[in-house]
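Observations on chain architecture
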Amino acid sequence: HCQQVPTGPIETTLCDFETVESYNDELYTQLHDLVQTPFFKYYRADLYRECPFWQENGYCMNRECAITTVDESEIPPSWRASELSRLELPSEDLRNTIPGCYYRDSDFCFLDDLSEGDYVDLTANPERFTGYTGPSAHRVWASIYEENCFGISEWALSSAPNPAPVTLPDSMTGVLRSEGADSSRTCLEKRVYYKIISGLHASISTHICYEFMNQTTGEWSPNLECFINRVAAYPERLQYIYFDLVLLTRAVARIGPYLSAYDYCGTGTHKGDDDTLNQVKNVIGIAQTVGKFDETVLFRGENAAILKEEFKQHFRNVTRIMDCVGCDKCRLWGKVQTSGVGTALKILFELDEKALDPHLNSNLLSRSEVVALINTLHRLSESLYFVNEFRKIWAETAQSE
Ligand code: FAD
């Protein structure tokens, strides 16, 4: 499957693989520049909260698991903890007067308390192979799929009659064998939910395999075998990365007017901040073409409100499970990406057109949410870029044999 580029419509979206393929290089170039800017590279996270679900003592001792934090003095004053607590929430008055204005309980994620935690320069702590593995990592993934994915597994969604061959770690066997329902018996919202999670997992795996360290030689290089075993051998997983990208680009397109009115201070000059804004506008422009997803078809049926609440609760739990990830760098990126997806879900399913109006509702998203959204989209776009690089490596390997 490694060389096959998927074609045709991306299920449950209004976009096709070809459109994503034709725009991704440009999207990736724009996003790659954008995430280097001060506004988007600094992220505040509380990385040392206790795991709320179990006693987590499998802390990763590998050097690659460590992160370096940034001293608050390097951060523009308006982002500092003392200022943030004043700015992050819309005032009580505003909340009561604007219809559709969002409330914290409409969030899809548990956001870290912004007065706690440290600033991290995301560009200095890239998501890549860290060596974090074994029971601790598997327990987190198992918990996400088993308890927080409506019980859906790959089997439930696969169009293939049999699941692809896979050697399961013991801790995961229960997960994949727990459910046998096929896709026709699984409602659209639950399928969408599973795709989001599985796509995120596949994207993380793609980063690990592309920026892989050979632990014997200590050298960093793409590991094709790793990519085949974790992603390419399961076409659905790869397709869900495309799905996630469409979902997030739709969210960026929908929130476009708001993002275009946002204050991207941070470079220290008006010109620098304006450049950041122009880069954001370029990303919005591409997102308008790629982000063809009709969010209005979800949560419409008889039990829509209950289903939406369940969906939200499950996803919130996933964001909390990130505190159980036993590797600082993986936890950081887990938090960024689950917050990014949570922000996208909020934009798509919780906010009406009026709420999205930047003039009526200037405090709609916190800086943290905007940074998480854009960095998560960058991760997904980068994954698809890496997938193409893997296709080239595969072709070269096949030629030389
Ligand atoms: P895992 O990736 O642990 O997967 C476990 C099982 O889940 C698989 O056996 C398979 O049955 C199933 N599965 C795998 N992929 C999918 C999918 N896409 N969809 C559905 N089911 C699937 N490690 C790093 O080196 N760097 C990181 O930055 C990093 N970040 C992480 C972030 C989080 C939130 C978590 C939980 C873990 C992270 N890890 C990271 C660890 C990494 O994800 C793997 O758990 C680890 O490399 C072991 O991989 P594995 O091959 O055993 O399978």
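In what follows, the structure referred to is the one given above.
Residues numbered from 1 in each chain as written. Predicted model: local features only at pLDDT ≥ 70, side-chain atom pairs only at ≥ 80, totals over all residues. Heavy atoms only, no water.

For the rest of this paragraph, the subject is the pairing of strand β3 (residues 118–121). Direction of pairing for strand β1 (residues 42–45) relative to β3: antiparallel, over a ladder of 4 bridges. Looking at the pairing, Ala-45 lines up with Asp-118 of β3. Here strand β2 (residues 69–70) runs beside β3; their pairing, made up of 2 bridges, is antiparallel. Its bridge partner being in β3, Thr-69 is matched across the sheet by Val-120. (Pairing = 2+ DSSP bridges. Helix = DSSP H or I, 4+ residues; strand = E, 2+ residues; numbered from the N terminus.)

Below, the discussion takes up the state of the cysteines. Inspection of the entire model under this criterion finds 2 disulfides. Bridging Cys-51 to Cys-324, the disulfide has an S-S length of 2.1 Å. Residues Cys-51 and Cys-324 are joined through a disulfide that is right-handed, its torsion about the S-S bond being 80°. In this pair, Cys-51 sits in the loop between β1 and β2 while Cys-324 sits in the loop between α13 (304–321) and α14 (328–349), placing the two residues 273 residues apart along the sequence. Each member of the pair, Cys-51 as well as Cys-324, is classed as buried. One disulfide bridge connects Cys-209 with Cys-226, the sulfur atoms lying 2.0 Å from each other. The sign of the S-S torsion, about -60°, decides the handedness of the disulfide formed by Cys-209 and Cys-226: left-handed. Placement of the pair is Cys-209 in helix α8 (residues 188–210) and Cys-226 in helix α9 (residues 224–232), with a sequence separation of 17 residues. Across this residue pair, the class does not change: Cys-209 and Cys-226 are buried. (Disulfide = S-S within 2.5 Å. Buried < 20%, exposed > 50% of the residue type's maximum accessible area, 1.4 Å probe, protein only.)

What follows covers the sheet that holds β1. Taken in spatial order, the 3 strands of this open sheet run β1-β3-β2, and their pairing is antiparallel. The open sheet has two edge strands with one neighbour each: β1 and β2. The strands that α14 touches are β1 and β3; relative to β1, the one it contacts most, it runs at about 100°. Here helix α15 (residues 367–400) sits on the sheet in contact with β1 and β3, set at roughly 115° to β1. (Contact = heavy atoms within 4.5 Å. Axes fitted to C-alpha atoms, helices over the stretch in contact; angles between N-to-C directions.)

Over its 18 residues, helix α1 (residues 17–34) extends 24 Å from the first C-alpha to the last, a length consistent with the 26 Å expected when each residue adds 1.5 Å. Taken as a whole, α1 has its buried residues at Phe-17, Thr-19, Val-20, Asn-24, Leu-27, Tyr-28, Gln-30, Leu-31 and Leu-34. If you follow the buried residues of α1, they end up packed against α2 (38–41), α10 (235–254), α12 (270–290) and α15. (Expected span 1.5 Å × (residues − 1).)

Taken as a whole, this structure holds 21 salt bridges when the rule is applied. For Glu-295, the salt bridge identified is with Arg-254, shortest N-O distance 3.8 Å. Taken together, the positions of Glu-295 in the loop between α12 and α13 and Arg-254 in helix α10 put the pair 41 residues apart, joining distant regions of the chain. Arg-254 matches Glu-295 in its accessibility class, with the two residues each being buried. We note a salt bridge from Glu-350 to Lys-312, for which the minimum N-O separation is 3.0 Å. (Salt bridge = Lys/Arg side-chain N within 4 Å of Asp/Glu carboxyl O.)

In this section: the site of the ligand. Around the ligand there are 28 residues in total, and Arg-128, Thr-130, His-138, Ser-198 and His-201 lie nearest to it. At 2.7 Å, a backbone N or O of Arg-128 approaches a nitrogen atom of the ligand. Within the side chain of Tyr-145, an N or O atom sits 3.2 Å from a nitrogen atom of the ligand. With the chains in place, 92% of the 930 Å² that the ligand exposes on its own is no longer accessible. If you list the elements that add at least two residues to the shell around the ligand, you get α5 (135–148), α7 (170–177) and α8. The dominant element in the shell around the ligand, judged by the number of residues it contributes, is α8, at 6 residues. The residue makeup of the shell around the ligand, split by class, is 17 nonpolar, 6 polar and 5 charged. (Near = heavy atom within 4 Å. Polar contact = N/O pair within 3.5 Å; in protein donor to acceptor, adjacent residues only side chain to side chain. Areas by Shrake-Rupley, 256 points an atom, 1.4 Å probe, with all protein chains shown as cover. Nonpolar A, V, L, I, M, F, W, Y, C, P; charged D, E, K, R; others polar.)

Bringing α8 into the picture now. Between its first and last C-alpha atoms α8 spans 32 Å; for 23 residues at 1.5 Å apiece the expected length is 33 Å, and the two agree. Within α8, 21 of the 23 residues are buried, which leaves it mostly tucked inside the rest of the structure.

So, on to the environment of Ala-142. Tracing the chain through its elements places Ala-142 in helix α5. Sequence separation between Ala-142 and Thr-206 is 64 residues; the distance between their C-alpha atoms is 19 Å.

Among the secondary structure elements, Tyr-28 is positioned in helix α1. For Tyr-28, a relative accessible area of 9% gives the class buried. For the pair formed by Tyr-28 and Ser-383, sequence separation is 355 residues and the distance between their alpha carbons is 9.5 Å.

Further remarks concern the packing of aromatic side chains. Tallied over the full model, the rule gives 22 aromatic pairs. Arranged with centres 5.7 Å apart and planes meeting at 65°, the rings of Tyr-258 and Tyr-262 form a pair that is edge-to-face. With a centroid separation of 5.3 Å and an interplanar angle of 90°, the aromatic rings of Phe-299 and Phe-311 are classed as edge-to-face. One end of the pair, Phe-299, is in the loop between α12 and α13; the other, Phe-311, is in helix α13, with 12 residues separating them in the sequence. (Phe/Tyr/Trp six-rings, centres within 6.5 Å; stacked < 30°, edge-to-face > 60°.)

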